[in-house]
Amino acid sequence: MNLLEASIEAQKDYSHKIVLARVKGKLSELNREICESQKNEIEWVTTADTSGMQTYRRSATFLMLKAVRDVYGRSVNICVEYSLSKGYYCSVTGDVAVDETFIGKISYRMKELVDECVPINKLTYGLDEVIRIFHDEEMYDKEKLFRYRRASKVNLYEMDGFRDYFYGYMVPDTSYLTVWKLFLYDKGFVIQLPEKKEPEVVPAFAPQNKLFHVLDDSTKLVSKLGIENVGDLNDAIAGGQINELILVQEALQEKKIADIAEDIASRPEVKFVMIAGPSSSGKTTFSHRLSIQLRTQGLKPHPIGLDDYFVNRENTPKDEDGNYNFECLEALDIEQFNEDMTRLLAGEEVELPSFNFKTGRREYKGNFKKLGPDDILVIEGIHGLNDKLSHSLDKKNKYKIYISALTQLNIDEHNRIPTTDGRLIRRMVRDARTRGTTAKGTIAMWDSVRKGEELNIFPYQETADAMFNSALLYELAVLKPYAEPALFGIRPEEPEYEEAKRLLKFLDYFLAVGSDELPKNSIIREFVGGSCFKV
């Protein structure tokens, strides 16, 4: 039985494009024959599903790379750098002007390939042959990557003679790839792609200039260190250079924190430092380290957790499933927070609350605060960047910081590491260590966490006065020995197995590094343990 033919027949029952299948619970590309007896065990996967949309975006990237090769040959190289404006920012090297003519030529060739319904074929080679292929194709980052792989066989994808390696599945042919658009941005371009909530629509292009410059600066820094991809990192590990790399990366982060503290100190009217970022960004460790740097500037920082301003449990809003929604703004007592902060700003003494998570109620335990001339409040919480939270406070009194683990390392020039994967692995390791939550439990809740971030954090990131990238070049090599056993504990019959298998394959690219050499104040200590801070 041919899955592709079966999917074409089944398509009439689905409003979104079928791009994959699950056969007996396992993901499969559509270019596959299965037994007739398995036809009742097929589950179709569309672009409205996470795995389906990942497949679509990966395939569209392959289409773009093929178009560049067709138009410019090997004289132009593309590096898929990082996520930006619902798409991927791509840098361009070679003797070509990246302008509207460039965009027009690539777009036109992509549309031609879509109209030609070019098959996307999976080809299996021995490891030595793959290394030779990438050397001949002048894809030296991939050549280096596969020198550290233990698998004897490797799958490559081929589109009309153009071969490349991709971390994940592909659609059957180019006719599936009709929704995309290219936009010039900075010195490169963005391939704008749909999202699973609206798979047939190219979202409006919305440049995130502050975020882009943080990513760009981080990429330039790691390039100076000679570590641009996983192959380079593995070379450093194998060559005994990892301890020096750890120290340099930690020093670069400390310098950035010191620069932020100096900027805050240069603004004497600032009394409230508001810190926000998505899950597992290292906000707690960052807050501690920032407080130390603020002290070196002669300031007296005082931490305040927004969680202490939760409304009492019976007043907490509920989501569409009837569960308490602790991530919405209305879960906080905004008016009480503003009253307390306004009184502090006026020089009054204020008793601050403490939230009892066991009883679900706010309590007052004599935690009195009064702001002197050098005192400053460091406030950490999910809504820190949203001005609705601190509506009564003048902008000049607030300094907003966005923190996230913005991965600056790529697997290779065409396979980026999503920041969400790095954060998920961080959280998985921390949850297992501090909360008794299994990897299965962390994966199960991750979609809900991501939904909350999309609503409550990402829309406000460009309003920040400063952005801090908490990702470290070496961290996935350190997290690997902690994450792998947890992921192997997820069984094939469990719904989280598919994601666990994907993450295990991802971690297999990295050589492992022990955590013994990590500084005690490292952000990664927040996840693996051994921090000098209470995290």
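Let us look at the structure shown here. All values reported here derive from a predicted model rather than from experimental measurement.

Some remarks on empty space enclosed by the protein
- This model, assessed by the stated rule, comprises two cavities of 30 Å³ or more.
- Approximately 150 Å³ is the volume found for the largest cavity.
- If you go around the largest cavity, you meet 14 residues; those closest to its centre are Arg69, Val76, Asn77, Ile78 and His414.
- Of all the secondary-structure elements, those providing two or more residues to the lining of the largest cavity are helix H2 (50–72) and strand S4 (76–84).
- Lining the second largest cavity are Ala405, Thr407, Gln408, Leu409, Gly422, Ala471, Leu472, Leu473, Glu475 and Leu476.
- Class assignment for the residues of the lining of the second largest cavity results in six nonpolar, three polar and one charged.

What about the packing of aromatic side chains?
- Within this structure, the stated rule accounts for 24 aromatic pairs.
- Ring pairing ties together the aromatic residues Phe134, Phe146, Tyr165, Tyr167, Phe506, Tyr509 and Phe510, which thus form one cluster.
- Above the plane of the ring of Tyr176 lies Lys17, whose end atom (NZ or CZ) is 4.8 Å from the centre.
- One Lys or Arg, Lys318, reaches over the ring of Tyr324 and ends 5.2 Å from the middle of that ring.

Topic: the nonpolar core
- Met64, Ile78, Ile264, Leu290, Ile401, Leu487 and Phe506 are the most contacted members of the largest nonpolar core, which has 127 residues in total.
- The element best represented in this core is H2, accounting for ten residues.
- Filtering out sequence-adjacent residues up to four positions away, Met64 remains in contact with Ile78, Val80, Cys90, Ile106, Met110, Phe189 and Ile191.
- Grouped together as the second largest cluster of nonpolar side chains are 22 residues, Leu332, Leu344, Leu377 and Leu389 included.

Structural notes on the side chain of Asn312
- Of note, Asn312 is situated in the loop between strand S12 (300–305) and helix H10 (334–345).
- The exposure class assigned to Asn312 is buried, which follows from its relative accessible area of 16%.
- A polar side-chain atom of Asn312 sits 3.0 Å from the main-chain amide nitrogen of Arg362.
- Setting aside chain neighbours within four positions, we find Asn312 in contact with Gly360, Arg361 and Arg362.

A closer look at the pattern of salt bridges
- Evaluation of the coordinates by the stated rule reveals 48 salt bridges.
- The salt bridge partner of Arg109 is Glu112, with a shortest N-O separation of 3.0 Å. Taken as a pair, Arg109 and Glu112 lie in helix H3 (residues 100–115) at a separation of three residues, close to a single helical turn.
- Taking the relative accessible area as the measure of exposure, Arg109 reaches 14% and is therefore buried.

Quick word on helix H1 (residues 3–10)
- When we look at burial in H1, the residues that qualify are Leu3, Leu4, Ala6, Ser7 and Ala10. The buried residues of H1 occupy an angular sector of 160° when projected down its axis, which confines them to one face. Within H1, the exposed residues directed more than 90 degrees away from the buried face are Glu5, Ile8 and Glu9.
- Close packing links the buried residues of H1 with strand S1 (18–23), strand S2 (26–28) and strand S3 (42–46).
- Residue Asn2 occupies the N-cap position of H1, its side-chain oxygen lying 2.9 Å from the main-chain nitrogen of Leu4.

Looking at the sheet that holds strand S7 (residues 153–159)
- Overall, antiparallel pairing links the three strands, which are arranged S6-S7-S8 in an open sheet. A strand with exactly one partner marks an edge of an open sheet, and here the two such strands are strand S6 (120–126) and strand S8 (162–164). If you compare each strand with its neighbour and ignore which way they point, the axes differ by 35° on average.
- The pairing of S6 with S7 spans seven bridges and is antiparallel. Each residue of the ladder has a partner; that of Asn121, found in S7, is Glu158.

Quick look at the side chain of Arg22
- Topologically, Arg22 is positioned in strand S1.
- A distance of 2.6 Å separates the side chain of Arg22 from the side chain of Glu498, its partner in a polar contact.
- Setting aside its immediate chain neighbours within four residues, Arg22 contacts Leu27, Glu41, Ile42, Glu43, Val45, Ser51 and Glu498.

What to know about the sheet that holds S3
- Sheet architecture is open: three strands sit in the order S2-S1-S3, paired in antiparallel fashion. Looking along the sheet, the strands with just one partner apiece sit at the ends: S2 and S3. On average, adjacent strands in this sheet sit at an angle of 35° to one another, irrespective of strand direction.
- The pairing of S1 with S2 spans three bridges and is antiparallel. Note that in S2 the partner of Ala21 across the bridge is Ser28.
- The strands touched by H1 within the sheet are S1, S2 and S3, with S3 carrying the most contacts at an inclination of about 70°.

Thresholds applied
Residues numbered from 1 in each chain as written. Predicted model: local features only at pLDDT ≥ 70, side-chain atom pairs only at ≥ 80, totals over all residues. Heavy atoms only, no water. 1 Å grid on protein atoms, 1.4 Å probe; cavity = no way out; pocket = protein on both sides within 12 Å on 5 of 7 lines; lining within 4 Å. Points joined across faces, edges and corners; volume = space filled by probe spheres on them. Helix = DSSP H or I, 4+ residues; strand = E, 2+ residues; numbered from the N terminus. Nonpolar A, V, L, I, M, F, W, Y, C, P; charged D, E, K, R; others polar. Phe/Tyr/Trp six-rings, centres within 6.5 Å; stacked < 30°, edge-to-face > 60°. Lys NZ or Arg CZ within 6 Å of the ring centre and 35° of its normal. Core = buried A, V, L, I, M, F, W, Y, C linked by side-chain atoms within 4.5 Å. Buried < 20%, exposed > 50% of the residue type's maximum accessible area, 1.4 Å probe, protein only. Contact = heavy atoms within 4.5 Å. Polar contact = N/O pair within 3.5 Å; in protein donor to acceptor, adjacent residues only side chain to side chain. Salt bridge = Lys/Arg side-chain N within 4 Å of Asp/Glu carboxyl O. Arc of directions from axis to C-beta. Pairing = 2+ DSSP bridges. Axes fitted to C-alpha atoms, helices over the stretch in contact; angles between N-to-C directions.

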